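For reference, the chains in residue letters:
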Amino acid sequence: EKEVGCTFWTMKGNNLVLMLVTGLVFMSLLYNNDVQCKLAVTELLSENENENDDDTQTASAREEQRTARKSDKFDHEANSRKVARWRASLQQAIQSKDKENVSKLRRGFKSNIVIPCEYTFIDLGANVGDTLRKFIDSGFPEIDGKQWLFNHEKAEIGDICYGCTITGKPRPETWTLPKYMKENMKGKQPEDYCYYGVEGNPTFTSTLKDAELRVMNMDPRPVRHVHFFTQHIGTGKDGPSTLYLDKVNPADNFWGSSIYKSHWDVAKSGGDTGTPVTGITLTTLLRETVKPGGHVIVKIDIEGAEYPMMEEALQSNILCHLVKDKGVSISMVLEPHEDKVIGSDKPRLHWEEIKGEETIKNCGVKLHVGDMDW
């Protein structure tokens, strides 16, 4: 017997009795409008179902599942009431020909794909999402003395390992970036972090969205939250921009796409490969995704766009503001690209003129400059 606004009986272990009790309970719900009672009934029946499905589950594992359900419970009835109120308001505005209110109500849904987090990983230059996988990998222990790669499609630790010779692979995976993450996560694990990836190449949009959906639906989820800003690029200005596509390096996932038409891989591709994308500044990303007092890791590999993007961040003072005023700890991995790669020495020379790296470090940012072998 359990009492939560109403009293009911439930019996476990006898399926025939349970079926009878289940029918009686749900009949009683027709006459009972108490939401707490309904939730409790649903929860107990769900618990019984889970326990019958997997007799090998330990008591502690079942308790963890019950706790998770309680903390993450989606209130369907409250949601239904909200949607009903919105629908009624829109219908009334339509009938009264209130165009202004109709326009406003058409945008009545909020998206929770971007949330500020205490612990955040920002991946500028996400490519096919391999850094997300390596971020997840950094939370796994070795098996048989080897560090294995996570297979997000199967939601399991796969059969490919870091540093192993792999037939058909141009080079073995390296543990460099995951090791950096492991050493810089302040004693936390990937499941404590929200991951935000930024990638401009539209070729990878479906791949990244598929990875986002798969990871967000895993149980347990290896990271707190995942979102890819697809067809977005890190740059010095928010808004419409152009990305020139690399079309000559399919084996390396077209890694040379750049905001610079003069980039050597873009030039090899014919130069006229521009595609419209949305620019997003580091200032905007940090303001939208980072909470005061937390920690953020920023990985930047964006084929020359790092110069205008970082210059804008210094001008806005966002790095110093977060570290000194908001108590945020920032770890940054920055790969600057050579003049011959982007086809110009102006971005680098200006960056050196304003003493970019020195200014970043003076803000209190832990900065690593160089190739981390993504």
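Looking at the sheet that holds strand 10 (residues 274-280)
Picture the strands of a sheet paired through backbone hydrogen bonds; they go either parallel or antiparallel.
Thinking step 1. Here three strands make up an open sheet; going across it, the order is 8-10-9 and the pairing mixed. Across the chains shown, the open sheet's two edge strands, defined by having one partner strand only, are strand 8 (232-234) and strand 9 (239-244). Pairs of neighbouring strands in the sheet enclose a mean axial angle of 55 degrees, with direction left out of account.
Thinking step 2. Relative to strand 10, strand 9 is paired through six bridges, and the arrangement is antiparallel. Of the residues in strand 10, the one forming a bridge with Pro240 is Thr278.

Observations regarding the pattern of salt bridges
Thinking step 1. Counted by the stated rule, this structure contains eight salt bridges.
Thinking step 2. Here Asp265 makes a salt bridge to Lys268, at a shortest N to O gap of 4.0 Å. Of this pair, Asp265 and Lys268 are both found in helix 9 (residues 264-268), three residues apart, which corresponds to roughly one turn of the helix.
Thinking step 3. The exposure class assigned to Lys268 is exposed, which follows from its relative accessible area of 57%.
Thinking step 4. When the shortest N-O distance is used, the salt bridge between Glu352 and Arg348 registers 3.0 Å. One end of the pair is Glu352 and the other is Arg348, both in helix 14 (residues 346-353) and four residues apart, which spans about a single turn.
Thinking step 5. Residue class for Glu352 comes out partly exposed when judged on its relative accessible area of 46%.
Thinking step 6. For Arg348, a relative accessible area of 24% translates into the label partly exposed.
Thinking step 7. A single salt-bridge network, built from bridges that share partners, covers Asp339, Arg348 and Glu352.

Re the confidence of the model for the protein
Thinking step 1. When pLDDT is averaged along the protein, the result is 84, and 78% of the positions lie at 70 or above.
Thinking step 2. Of all helices and strands in the protein, the one with the weakest mean pLDDT is strand 2 (residues 7-8) (40), whereas strand 6 (residues 194-199) scores best (98).
Thinking step 3. Here residues 1-14 scores under 50 on pLDDT; set against residues more than four positions off or in separate chains, the count is 29 contacts.
Thinking step 4. Throughout residues 28-47 the model reports pLDDT below 50, and contacts reaching past four residues in sequence, or to other chains, amount to 32 contacts.

Observations concerning the state of the cysteines
Thinking step 1. Taken as a whole and judged by the stated rule, the model has three disulfides.
Thinking step 2. Note that Cys117 is cross-linked by a disulfide to Cys194, the S-S spacing being 1.9 Å. Here the S-S torsion is close to -75 degrees, and the disulfide linking Cys117 with Cys194 is therefore left-handed. Pair noted here: Cys117 is in strand 3 (residues 117-124) and Cys194 is in strand 6, with a separation of 77 residues, a long-range link. Side by side, Cys117 and Cys194 carry an identical accessibility label, which is buried.
Thinking step 3. Each sulfur of the disulfide joining Cys161 and Cys164 lies 1.6 Å from the other. Its S-S torsion of about -95 degrees marks the bond between Cys161 and Cys164 as left-handed, since a negative value means left-handed. The same class applies to Cys161 and to Cys164, which are both buried.

Describing the pairing of strand 6
Thinking step 1. Counting buried residues in strand 6 gives six out of six residues, a clear majority hidden from the surface.
Thinking step 2. Because side chains alternate across strand 6, one face comprises the buried residues Cys194, Tyr196 and Val198, and the other comprises Tyr195, Gly197 and Glu199, equally buried.
Thinking step 3. The pairing of strand 3 with strand 6 spans five bridges and is classified as parallel. Counted as the bridge partner of Ile122 is Tyr196 from strand 6.
Thinking step 4. Of the pairings in the sheet, the one linking strand 6 to strand 7 (residues 225-230) comprises six bridges and is parallel in character. Looking at the pairing, Cys194 lines up with His225 of strand 7.
Thinking step 5. Between strand 6 and its parallel partner strand 7, the chain crosses via helix 8 (residues 205-216), and the hand of that crossover is right-handed.

Observations regarding the packing of aromatic side chains
Thinking step 1. In this structure the tally under the stated criterion is nine aromatic pairs.
Thinking step 2. Ring geometry for Tyr162 and Trp175: centres 5.0 Å apart, planes at 75 degrees, overall edge-to-face. Here Trp175 lies in the loop between strand 5 (156-161) and helix 7 (176-184) and Tyr162 lies in the loop between strand 5 and helix 7, a separation of 13 residues in the sequence.
Thinking step 3. Plain terms: the ring middles of Tyr195 and Phe228 are 5.4 Å apart, the flat faces sit at 70 degrees to each other, and that makes the pair edge-to-face. Of this pair, Tyr195 sits in strand 6 while Phe228 sits in strand 7, placing them 33 residues apart in sequence. Side by side, Tyr195 and Phe228 carry an identical accessibility label, which is buried.
Thinking step 4. Taken together, the ring pairs connect Tyr119, Phe121, Phe135, Tyr193, Tyr195 and Phe228 into an aromatic cluster.

Cut-offs applied
Residues numbered from 1 in each chain as written. Predicted model: local features only at pLDDT ≥ 70, side-chain atom pairs only at ≥ 80, totals over all residues. Heavy atoms only, no water. Pairing = 2+ DSSP bridges. Helix = DSSP H or I, 4+ residues; strand = E, 2+ residues; numbered from the N terminus. Axes fitted to C-alpha atoms, helices over the stretch in contact; angles between N-to-C directions. Salt bridge = Lys/Arg side-chain N within 4 Å of Asp/Glu carboxyl O. Buried < 20%, exposed > 50% of the residue type's maximum accessible area, 1.4 Å probe, protein only. pLDDT = per-residue confidence, 0-100. Contact = heavy atoms within 4.5 Å. Disulfide = S-S within 2.5 Å. Right-handed = clockwise from strand over helix to strand, strands pointing away. Phe/Tyr/Trp six-rings, centres within 6.5 Å; stacked < 30°, edge-to-face > 60°.

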